[in-house]
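Each chain, letter by letter, is given below.
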Amino acid sequence: MNAITPLRSIASLVERGLVAPEKREALEQVAARYAVSVTPALADLIDPADPADPIARQFIPDPSELETQAEELADPIGDDAHSPVEGVVHRYPDRALLKLVHACPVYCRFCFRREMVGPGGASLSGEKLDAALAYLASRPEIWEVIMTGGDPFILSARRVREVAKRLAAIPHVKVTRWHTRVPMVDPQRVSTEYARALRIPGKASYIAIHANHPREFTPEACAAIANLADAGHVLLSQSVLLRGVNADIATLSALMRAFVENRVKPYYLHHPDLAPGTAQFRLSLEEGQALVKSLRGNLSGLCQPTYILDIPGGAGKVPVGPAFLSSCETPGEQTVEDRFGTRHRYPPA
């Protein structure tokens, strides 16, 4: 097998030793519904002897994915209702998504777009790309454009330069943002040349990098991130709070520190979306708040992400982090909690 070919079938996962042969039949049913792809970089990180391996849990299919809960939705965050033209999601007044591709180098088992992405998904090109860019150009309120998908980093440097050039010609777009998993899962793609191709002339350039476990920060991944930072992009993080992967204070702390050590500012920590077959990953909001509260007490301010819930149905993202301030009925008698859990009256009596 070519060293850079992703593992895209249950048979290839069995051959690599990442899936037990006796599980093949059950997992073929999962693969028939949801896309499977594991890059060699990730396969090398998985410990087949550990049934609870956090990297495997994110990418290796599980029979529980075929169990859909009553509250789960095919389009959990309501993209469709806010898509005026194909490839664009315009949910908020000042920013819009540009979904350039429908495929990824890997397929996360908790993906909120798992019903919409997969291998063979067409990229946004030709007349469809023209229509999407025309929509962005016709809306002067759009200040920021966010390239997503799928994963836009699977596009060639030539295609990326084409999109960059066309966005550069829209004067009211001042900020561009790329969302990607590629630096962690296929880092060799992020060369110095590729990092430069992502720059959009005249625009502030941000890249949101998705990682969920500190073990994803291999030397190769760190080198890819450095290429992006050295090319002048501002780097942000995106993570999903996942049971069995990072939903404990030690792992979450190590993850946020790894981001900061690699010049990536922690940005969003997502509560898992209600995508079909993902109940195994979800924890309660109260559990998530407790973890984020512990981060505040134990880590540098640089390491603090915003804990976010994307309200099902398309109402948008809201912060759902823990509260440290308690209001009282009597004005001027609030109490505030410190990192040790001690409450203090504010202003002091």
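Above this text is the structure in question.
Residues numbered from 1 in each chain as written. Predicted model: local features only at pLDDT ≥ 70, side-chain atom pairs only at ≥ 80, totals over all residues. Heavy atoms only, no water.

(A) How the structure looks around the overall build of the protein. Within the protein, the regular secondary structure consists of 11 helices and 12 strands. Its C-alpha atoms give the protein a radius of gyration of 21 Å, near enough to 20 Å, the size a compact globule of 349 residues would have. Across its three principal axes, the protein shows a C-alpha extent of roughly 70 × 55 × 40 Å. Here the protein, with 349 residues, has 50% of them falling under the buried criterion. (Helix = DSSP H or I, 4+ residues; strand = E, 2+ residues; numbered from the N terminus. Rg over C-alpha atoms; globule rule 2.2 N^0.38 Å. Buried < 20%, exposed > 50% of the residue type's maximum accessible area, 1.4 Å probe, protein only.)

(B) Structural context of the pattern of salt bridges. One pass over the full model with this rule turns up 24 salt bridges. With its nearest N and O atoms 2.9 Å apart, the salt bridge here joins Arg 215 to Asp 53. Taken together, the positions of Arg 215 in the loop between β5 (204-210) and α9 (219-230) and Asp 53 in the loop between α3 (40-43) and α4 (54-59) put the pair 162 residues apart, joining distant regions of the chain. Since its relative accessible area comes to 32%, Arg 215 is described here as partly exposed. The closest approach of N and O atoms between Glu 65 and Arg 114, which form a salt bridge, is 2.4 Å. Residue Glu 65 is found in the loop between α4 and β1 (88-92), and its partner Arg 114 is found in the loop between β2 (95-99) and α5 (126-138); the two are separated by 49 residues along the sequence. Here the two residues Glu 65 and Arg 114 agree in accessibility, since each one is buried. Each of Asp 79, Arg 91, Lys 99 and Arg 113 takes part in salt bridges that share partners, so that together they form one network. (Salt bridge = Lys/Arg side-chain N within 4 Å of Asp/Glu carboxyl O.)

(C) Examining the packing of aromatic side chains more closely. Counted under the stated rule, the structure contains 5 aromatic pairs. Ring plane angle 75° and centroid distance 5.7 Å describe the contact between Phe 110 and Phe 281, whose orientation is recorded as edge-to-face. Here Phe 110, found in the loop between β2 and α5, pairs with Phe 281, found in the loop between β7 (265-270) and α11 (285-298); they are 171 residues apart in sequence, far enough to count as distant. Summarising the burial analysis for this pair, Phe 110 and Phe 281 share the class buried. (Phe/Tyr/Trp six-rings, centres within 6.5 Å; stacked < 30°, edge-to-face > 60°.)

(D) A look at helix α10 (residues 249-261). The end-to-end C-alpha distance of α10, which contains 13 residues, comes to 18 Å, matching closely the 18 Å that a straight helix rising 1.5 Å per residue would cover. Every buried residue of α10 is listed here: Thr 251, Leu 252, Ser 253, Leu 255, Met 256, Ala 258 and Phe 259. Among the structural elements, β5, β6 (234-240), β7 and α11 are those in contact with the buried residues of α10. Positive phi appears at Arg 263, one or two residues downstream of α10, with a value of about 70°. (Expected span 1.5 Å × (residues − 1). Contact = heavy atoms within 4.5 Å.)

(E) View of the nonpolar core. Ranked by internal contacts, the top residues of the largest apolar core, which has 86 residues, are Leu 98 and Leu 136. With residues up to four places along the chain from it excluded, the contact list for Leu 136 reads Val 88, Ala 96, Leu 98, Ile 142, Val 145, Leu 167, Ile 170 and His 172. (Core = buried A, V, L, I, M, F, W, Y, C linked by side-chain atoms within 4.5 Å.)

(F) Highlighting the pairing of β6. The buried count for β6 comes to 6 of 7 residues, which makes it a mostly enclosed element. Here 5 bridges tie β5 to β6, and the two strands are oriented parallel to one another. In the strand pairing of β6, Ala 208 is matched with Leu 236. For the crossover from β5 across α9 to β6, the handedness is right-handed. Alignment of β6 against β7, held across 5 bridges, turns out to be parallel. (Pairing = 2+ DSSP bridges. Right-handed = clockwise from strand over helix to strand, strands pointing away.)

(G) Structural view of the side chain of Asp 310. Assignment of secondary structure puts Asp 310 in strand β8 (residues 306-311). The exposure class of Asp 310 is buried, given its relative accessible area of 6%. When residues no more than four places from it in sequence are discounted, the contact partners of Asp 310 are Ile 77, Asp 273, Gly 316 and Lys 317.

(H) Structural detail: the sheet that holds strand β12 (residues 343-346). Overall, antiparallel pairing links the 3 strands, which are arranged β10-β11-β12 in an open sheet. The open sheet has two edge strands, β10 (325-326) and β12, and neither has a second partner.

(I) Local environment of the sheet that holds strand β4 (residues 175-180). If you trace the 9 strands from one edge of the open sheet to the other, you get β1-β2-β3-β4-β5-β6-β7-β8-β9, paired in mixed fashion. Looking at strand neighbours, the two that pair on one side only are β1 and β9 (316-319), the edges of this open sheet. The sheet shows a mean angle of 25° between the axes of neighbouring strands, taken without regard to direction. Bridging between β7 and β8 involves 3 bridges; their strand directions are parallel. Residue His 270 lies in a different strand from β8, and its bridge partner there is Ile 308. (Axes fitted to C-alpha atoms, helices over the stretch in contact; angles between N-to-C directions.)

(J) A look at the packing of α10 against α11. Interaxial distance between α10 and α11 falls to 10 Å at its minimum, and their mutual angle equals 60°. The orientation of α10 relative to α11 falls into the category oblique. Note that α10 runs across α11; the crossing there is right-handed. The segment α10 lies against α11, with Ile 249, Leu 252, Ser 253, Met 256 and Arg 257 engaging Leu 291, Ser 294, Leu 295 and Asn 298. (Parallel < 35°, antiparallel > 145°, perpendicular 65-115°, else oblique. Left-handed = near helix turned anticlockwise from the far one by under 90°.)

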